[in-house]
Amino acid sequence: IYFAGLFQNAQLEYKDISNNLSSYNHIYINTYFNNNDIYKDTLIKIIDEIGELDIECIIGYSFGGSLSLQFKEIYLQKKHKIIKSILISPAGFQSNTFLEKTIKIISKYLYSLYGNDKWYMIKNYPLYQNTNTLSNTDYIIVSTSDNIHNVNPIKTHENSIIIKHASHFSMIQIIKKQNIIFQLIT
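Residues numbered from 1 in each chain as written. Predicted model: local features only at pLDDT ≥ 70, side-chain atom pairs only at ≥ 80, totals over all residues. Heavy atoms only, no water.

Trainee: Which residues make up the pairing of strand β4 (residues 84-88), and what values go with them?
Mentor: A regular strand carries its side chains on alternate faces of the sheet. Of all five residues in β4, four are buried, a share of seventy percent or more. Pairing of strand β3 (residues 57-61) with β4 involves five bridges; the strand directions are parallel. Note on β4: the bridge partner recorded for I59 is I86. In this fold, β3 hands off to helix α4 (residues 63-79), which returns the chain to β4; that crossover is right-handed. (Buried < 20%, exposed > 50% of the residue type's maximum accessible area, 1.4 Å probe, protein only. Helix = DSSP H or I, 4+ residues; strand = E, 2+ residues; numbered from the N terminus. Pairing = 2+ DSSP bridges. Right-handed = clockwise from strand over helix to strand, strands pointing away.)

Trainee: Report on helix α3 (residues 39-50), specifying residues and quantitative values.
Mentor: For α3, with twelve residues, the first-to-last C-alpha span of 17 Å sits near the 16 Å given by 1.5 Å per residue. Among all positions in α3, only Y39, L43, I46, I47 and I50 are buried. Buried residues along α3 cover an arc of 100° about the axis, so they all sit on one side. Counted as exposed and oriented over 90 degrees from the buried face of α3: K45 and E49. In this fold, the buried residues of α3 make contact with β1 (2-3), β2 (28-29), α4 and α6 (117-123). G51, located one to two residues past α3, shows a positive phi value of around 65°. (Expected span 1.5 Å × (residues − 1). Arc of directions from axis to C-beta. Contact = heavy atoms within 4.5 Å.)

Here it is as structure tokens:
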């Protein structure tokens, strides 16, 4: 299962990675939340729609990383099965950097002005309603140059791959080029 970043299309973002994993089935999840939605409610509906499909791995980039952690926890509660997650520059962790504080203040202000779905989603940065922590079945891929999601709170996780000098927005292409997902799954 693939969760893309905020306002991205999973099929487009993960196309090259999924092509390298042709022996697997792929499910692309594109989410859009309305004003005041609880993200977990939508994730429960997704799990219910998946039904009896056996999920092996979930991959989430940025905003999708936060959703992946929430999805994984709900899946465990409902299906009683632990699944592996691969989180690429994931959101869902607070670091209190200057940029994080700035985004939170600006998005809160713009949400108060516009009150629309887009600013509601951005207003939830950087946690995006995530309350879960990393486990030993979570693999994180982060960059020391990521200025959107600070790696400091999670870079010491036991299953972390740290890439130097990669921007937040170039992570998926770098991971594809280095064939990292293929190595973690097979």
